[in-house]
Amino acid sequence: MICDCMKNKICIYKISYILIIFYLFFSYIDTKLIIFPLLGTFIVASLAILNNDLNIHLNSDLIIWYCFLLSCFFTLLYSDKKKEAILFIFVFFIFMFLKEMFMNLPEIGNFIVVIFMFFSSIHVIATLAQFFIPNLVIIVNQSILPSDLLNINLFQLKSGRFAGITGQTGANAFFISIFIGTILVKIRESQHLIKSILYIVAMTVAFFCLFLTDKRGMLVFTIISIFLVIMINIYSESKKYFWSIAIISSLIALLLFLVLATLRVIDFSNFKDLSTGRSDLYQVMAKMIDNNVFLGNGFGSVVNTLGIKGHNIYLQLFAEQGIFSVLIFILAVINTFYLSVKSHLLIPKIIDNSKIIFGIYVQSIFILYGLTGNPLYDYFILGVYLLVTGLPLSFLYNRK
């Protein structure tokens, strides 16, 4: 009887997180879909209270992140866009809560990775379909996308950039990179040759789709993240040969990069997400920082000044909330990453720690993409990041 109740409880938790993750991958379709994460969060909170599962892990990760939220609250005092600031704090708090609850449920880690794989695979398939049978995807997009996103999608398609069933190639590239991360986990888990080959084929297709988005920055960040995860895994399993393998791998990677650059497979002039237009944005934000180093210019001031987001979360945060807030944020990000790597090194080899690897991979993507994108202010990316950090931390704080 107790076993059945536990299974039912876990099942309800899984359904709740499905609703939440579904929203993260498809929130752009309709604002009404906000009901999905709200319902999922309500179910998680209610179930946690009723079953006394609301165990808060008072640790450095939680403390530093809530210190960052306090700095955001302080920014409200002098921000012009108070509604947007309150929304940011609310969204951040909700996903922090969901992450904390997720850390109490290490047994659903495998299931969560599968859900991420399923939803992200839809974007890979859509991108591939848009390349081979664009008219079919246009018909689908006309049915699901709002008119403004549909127009952007069509414009990008004419320019040779593939956004799949999203309105932005950046969002599509992020979703594809998530799929690559889940496949990386599956390759590591696989013990059968045929399955391993199929996973490698799937990753190759995903990389092709990522190339189609024309987001070369995300392509580079994905490769770096994979390389980083492999190095961490090698270090945990064979410290004796780590540095030799790391040096040889780095030399091979550098040689491959030079060959691809020579053959113009990698062309820096086509890195639109690392273009001179971005440097102009950075110069403006640097001037804003200089105007008020300590307190910043208030939440939303970068968008007010530039007309768009800053495409560098570290500079934007510095310009809007000042040096203390950005330092706390960087400390929180680094600390979470450190704890994730620590959990990977501490978990015995007999325990499947592939979920930890996925958590490290997504964190690396978030940190690197923050240099050229807006992952802190694009809530679907922020939500993915905060939820996935719960994967390695759940093992760290629940290990026996």
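Keep in mind the model is a prediction, meaning the values are calculated, not measured. (Residues numbered from 1 in each chain as written. Predicted model: local features only at pLDDT ≥ 70, side-chain atom pairs only at ≥ 80, totals over all residues. Heavy atoms only, no water.)

Caption draft 1: View of a nonpolar patch on the surface. On the surface, a nonpolar cluster with roughly 660 Å² of combined accessible area is contributed by I34, I35, L38, L39, F42, L87 and F90. No other element matches helix 2 (residues 35–50), which puts four residues into the nonpolar patch. Along the polypeptide, I34 turns up in the loop between helix 1 (2–26) and helix 2. (Patch = residues over 30% accessible without salt bridge, like charges linked within 9 Å, V, L, I, M, F, W, Y side chains within 5 Å. Areas by Shrake-Rupley, 256 points an atom, 1.4 Å probe, with all protein chains shown as cover. Salt bridge = Lys/Arg side-chain N within 4 Å of Asp/Glu carboxyl O. Helix = DSSP H or I, 4+ residues; strand = E, 2+ residues; numbered from the N terminus.)

Caption draft 2: Up close: the packing of helix 8 (residues 169–189) against helix 10 (residues 216–237). Axis separation between helix 8 and helix 10 bottoms out at 10 Å; the angle between their running directions is 25°. Here helix 10 runs roughly parallel to helix 8, going by the angle between their axes. When you trace helix 8 past helix 10, the crossing you get is right-handed. Along its contact with helix 8, which presents A173, F174, S177, I180, L184 and R188, the element helix 10 presents M218, T222, I226, V229, N233 and E237. Classifying every residue of the contact of helix 8 with helix 10 by side-chain character gives seven nonpolar, three polar and two charged. (Axes fitted to C-alpha atoms, helices over the stretch in contact; angles between N-to-C directions. Parallel < 35°, antiparallel > 145°, perpendicular 65-115°, else oblique. Left-handed = near helix turned anticlockwise from the far one by under 90°. Contact = heavy atoms within 4.5 Å. Nonpolar A, V, L, I, M, F, W, Y, C, P; charged D, E, K, R; others polar.)

Caption draft 3: Representation of the side chain of S196 within the structure. The residue S196 is located in helix 9 (residues 193–212) in this model. Under the relative-accessibility criterion, S196 is labelled buried at 17%. There is a polar contact of 3.0 Å between the side chain of S196 and the backbone oxygen of H192. (Buried < 20%, exposed > 50% of the residue type's maximum accessible area, 1.4 Å probe, protein only. Polar contact = N/O pair within 3.5 Å; in protein donor to acceptor, adjacent residues only side chain to side chain.)

Caption draft 4: Expanded view of the environment of L210. Examined against the element boundaries, L210 turns out to sit in helix 9. The spacing of L210 and V124 is 86 residues in sequence and 8.3 Å in space, taken between C-alpha atoms. In this view, L210 contacts A173, I176, I180, K215, M218, L219 and T222; residues no more than four positions away in its chain are not counted.

Caption draft 5: Representation of the nonpolar core within the structure. Formed by 106 residues in total, the largest nonpolar core has its most connected members in Y17, F88, F92 and F329. When neighbours within four sequence positions are excluded, F88 is seen to be in contact with F68, C72, F299, L376, Y377, Y379 and L382. (Core = buried A, V, L, I, M, F, W, Y, C linked by side-chain atoms within 4.5 Å.)

Caption draft 6: Spotlight on the confidence of the model for the protein chain. Mean pLDDT over the protein chain: 86, with 85% of residues reaching 70 or higher. Highest mean pLDDT in the protein chain belongs to helix 6 (residues 134–144) (96); lowest belongs to helix 11 (residues 242–262) (58). Of the regions scoring below 50 in pLDDT, residues 267–271 engages in eight contacts with residues more than four places distant in sequence or in other chains. (pLDDT = per-residue confidence, 0-100.)

Caption draft 7: Geometry of the packing of helix 8 against helix 15 (residues 354–369). Contact geometry of helix 8 with helix 15 gives a least axis separation of 9 Å together with a crossing angle of 155°. In terms of axis orientation, helix 8 runs roughly antiparallel to helix 15. In this structure, helix 8 meets helix 15 at a crossing whose hand is right-handed. Across the interface between the two elements, G170, F174, S177, I178, I180, G181, T182, L184, V185, R188 and E189 of helix 8 pack against S354, I357, F358, Y361, V362, I365 and Y369 of helix 15. Split into classes, the residues belonging to the contact of helix 8 with helix 15 amount to eleven nonpolar, five polar and two charged.

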